Amino acid sequence: MNNIDKQYQILLQTILEYGIEKKDRTGTGTKSIFGYTIRHKMSDGFPLLTTKKMHWNSIATELLWFLRGDTNIKFLLDYDCHIWDGDAYKNYTNKFLGYEDIPSKEWFINEIKNNNKFAEKFGELGPIYGKQWRNWNGINQITNLISELKTNPDSRRLMVGAWNVGELDQMILPPCHYGFQIYTRELSIDERVAEYEKRGYIKNIDPLDYAPKRAISLMWNQRSVDTFLGLPFNIASYALLLEIIAREVNMVPEELIGNLGDTHLYLNHIEQAKEQISRTSYELPTIQITERNWYMHEVVKQHMGEKTFDDKIMSYRPDCFELIGYQSHPKIKAPLSN
């Protein structure tokens, strides 16, 4: 059942009907509401919108970039992900204020991709998401989260934050989605047996020894929401993060929740929003995560031992996350405001 497209279309309509016009830092102008919550049951399918075609490769690439602790767009460009091009280019061209000849965006992107020294200097975005997730003043929040989930899954402190007040002025763009929290619960015996049957029988193994013991949910908080372009990516990105974490700690992904603050449509996205509202959704896809093939061989595992979560993240590539059965309407073009 696809309820996420319906929720998203209702949100678009709500902003169109009740949003107030506000100025913004980009100079574009928005229609905005304040405070909104979306909820999705992961058992209904993977929440990638079907009422417009989504660029899955970019979503998976950006999340891996965060999890690797990377803050340089070189990794993104290597995998054809251009989400952060505009912010990096704007930061670069600010150095040319007052000059007549400013290098083109195309030249800039080509230099980042092919000139490592240039990329190292001008592809850096400051201590944004990946830096805070993996190295908040020396603290690896993701590693700590995984460890706590394995040892104290009922903790109410299963949280990761990106809003580091002491480093905001060093960031190209302060975090829009500034933190997330994890919640787990014990599965009933019936739920565990059902999950065992769903995953397939294994000879001579007791279902209750093999089946996951807990369900896991994720809730993210977002201060600023570009509803047409950004939010569909945020939904799918945090759903993928939930799937990755659930796999690592052997839990069942249950619910995805988004708490949205300033939730807006840019004024040059109004007609695109109306078009998407008019479309009928398709069934949601499912997702399959495959580790790098070289590590799947038992001989390699015996020699190297079980990989750490960090090892797995560094070995993942965007094509390790395969969508099964994704069908959608055509994409809807809309300008990005930087």
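Our structure's up above, just so we're on the same page.
What counts and what doesn't
- Residues numbered from 1 in each chain as written.
- Predicted model: local features only at pLDDT ≥ 70, side-chain atom pairs only at ≥ 80, totals over all residues.
- Heavy atoms only, no water.
- Helix = DSSP H or I, 4+ residues; strand = E, 2+ residues; numbered from the N terminus.
- Rg over C-alpha atoms; globule rule 2.2 N^0.38 Å.
- Buried < 20%, exposed > 50% of the residue type's maximum accessible area, 1.4 Å probe, protein only.
- Contact = heavy atoms within 4.5 Å.
- Areas by Shrake-Rupley, 256 points an atom, 1.4 Å probe, with all protein chains shown as cover.
- Lys, Arg positive; Asp, Glu negative; His and termini not counted.
- Charge placed at Lys NZ, Arg CZ, Asp CG, Glu CD.
- Salt bridge = Lys/Arg side-chain N within 4 Å of Asp/Glu carboxyl O.
- Arc of directions from axis to C-beta.
- Core = buried A, V, L, I, M, F, W, Y, C linked by side-chain atoms within 4.5 Å.
- Pairing = 2+ DSSP bridges.
- Right-handed = clockwise from strand over helix to strand, strands pointing away.
- Polar contact = N/O pair within 3.5 Å; in protein donor to acceptor, adjacent residues only side chain to side chain.
- Patch = residues over 30% accessible without salt bridge, like charges linked within 9 Å, V, L, I, M, F, W, Y side chains within 5 Å.
- Disulfide = S-S within 2.5 Å.

Asks: Tell me about the overall build of the chain, and please be specific about residues and values.
Replies: When helices and strands are tallied, the chain shows 14 helices and eight strands. By the compact-globule yardstick of 20 Å for 338 residues, the chain fits well, its C-alpha radius of gyration being 21 Å. C-alpha extents for the chain along the principal axes are approximately 75 × 50 × 35 Å. Burial status across the chain gives 51% buried among its 338 residues. Here the analysis covers contacts within the chain between residues at least 6 apart in sequence; of these, 76% occur between residues at least 24 apart. Accessible surface for the chain amounts to roughly 17200 Å². Of this, 50% is attributable to carbon and sulfur atoms. The distance from the centre of the 40 positive side-chain charges to the centre of the 44 negative ones in the chain is 1 Å.

Asks: Give me the pattern of salt bridges: which residues, what numbers.
Replies: Per the stated rule, a full pass over the model turns up 13 salt bridges. When the shortest N-O distance is used, the salt bridge between Lys312 and Glu248 registers 2.9 Å. One end of the pair, Lys312, is in helix α14 (residues 309-315); the other, Glu248, is in helix α11 (residues 230-249), with 64 residues separating them in the sequence. Note on accessibility: Lys312 and Glu248 belong to one class, buried. Through salt bridges with shared partners, a single network forms among Lys150, Glu248 and Lys312.

Asks: Got a sec to walk through helix α9 (residues 189-199)? Specific residues and values, please.
Replies: Among the residues making up α9, those that are buried are Arg192, Glu195 and Tyr196. What you see down the axis of α9 is that its buried residues fit within an arc of 100 degrees, all on one side. Facing away from the buried side of α9 by over 90 degrees, the exposed positions are Asp190 and Lys198.

Asks: I'd like a rundown of the nonpolar core, residues and numbers included.
Replies: In this structure, Phe46, Trp56, Phe108, Trp133, Phe180, Trp220 and Phe321 are the most contacted members of the largest nonpolar core, which totals 87 residues. The element best represented in this core is α11, accounting for 13 residues.

Asks: I'd like a rundown of the pairing of strand β2 (residues 30-41), residues and numbers included.
Replies: Relative to β2, strand β1 (residues 20-22) is paired through three bridges, and the arrangement is antiparallel. Within β2, the residue paired with Ile20 across the bridge is Ser32. In terms of strand pairing, β2 meets strand β6 (residues 252-266) through eleven bridges, oriented antiparallel. In the sheet register, Tyr36 faces β6, and the bridge partner there is Leu260.

Asks: I'd like a description of the pairing of strand β5 (residues 214-226), backed by residues and values.
Replies: Here is the key point about a regular strand: its side chains alternate between the two faces of the sheet. Most of β5 sits out of view: ten of its 13 residues are buried. Pairing between strand β4 (residues 177-186) and β5: nine bridges, direction antiparallel. By the bridge assignment, His177 is partnered in β5 with Gln222. Two elements, β5 and β6, share ten bridges in a ladder whose sense is parallel. Opposite Asn221, over in β6, you have Asn259 as the bridge partner. After leaving β5, the chain enters α11 and then returns to the sheet as β6, a path that is right-handed.

Asks: So what's going on with the environment of Ser278? Residues and values would help.
Replies: Its place among the elements puts Ser278 in the loop between α12 (270-277) and β7 (286-289). With a relative accessible area of 52%, Ser278 lands in the exposed category. It is 30 Å that separates the C-alpha atoms of Ser278 and Glu243, two residues lying 35 residues apart in sequence. In terms of polar contacts, Ser278 uses its side chain to reach the backbone carbonyl oxygen of Glu275, at 2.6 Å.

Asks: Describe a nonpolar patch on the surface, naming the residues involved and giving the relevant values.
Replies: On the surface, Trp163, Val165 and Tyr178 cluster together to form a nonpolar patch covering roughly 290 Å² of accessible area. Turning to its location among the elements, Val165 is positioned in the loop between β3 (159-161) and β4. Given the relative accessible area of 62%, Val165 is considered exposed.

Asks: For the state of the cysteines, give the residues involved together with the corresponding values.
Replies: Applying the stated rule across the entire model yields zero disulfides. With no disulfide of its own, Cys176 lies 15 Å from the sulfur of Cys81, the closest cysteine sulfur.

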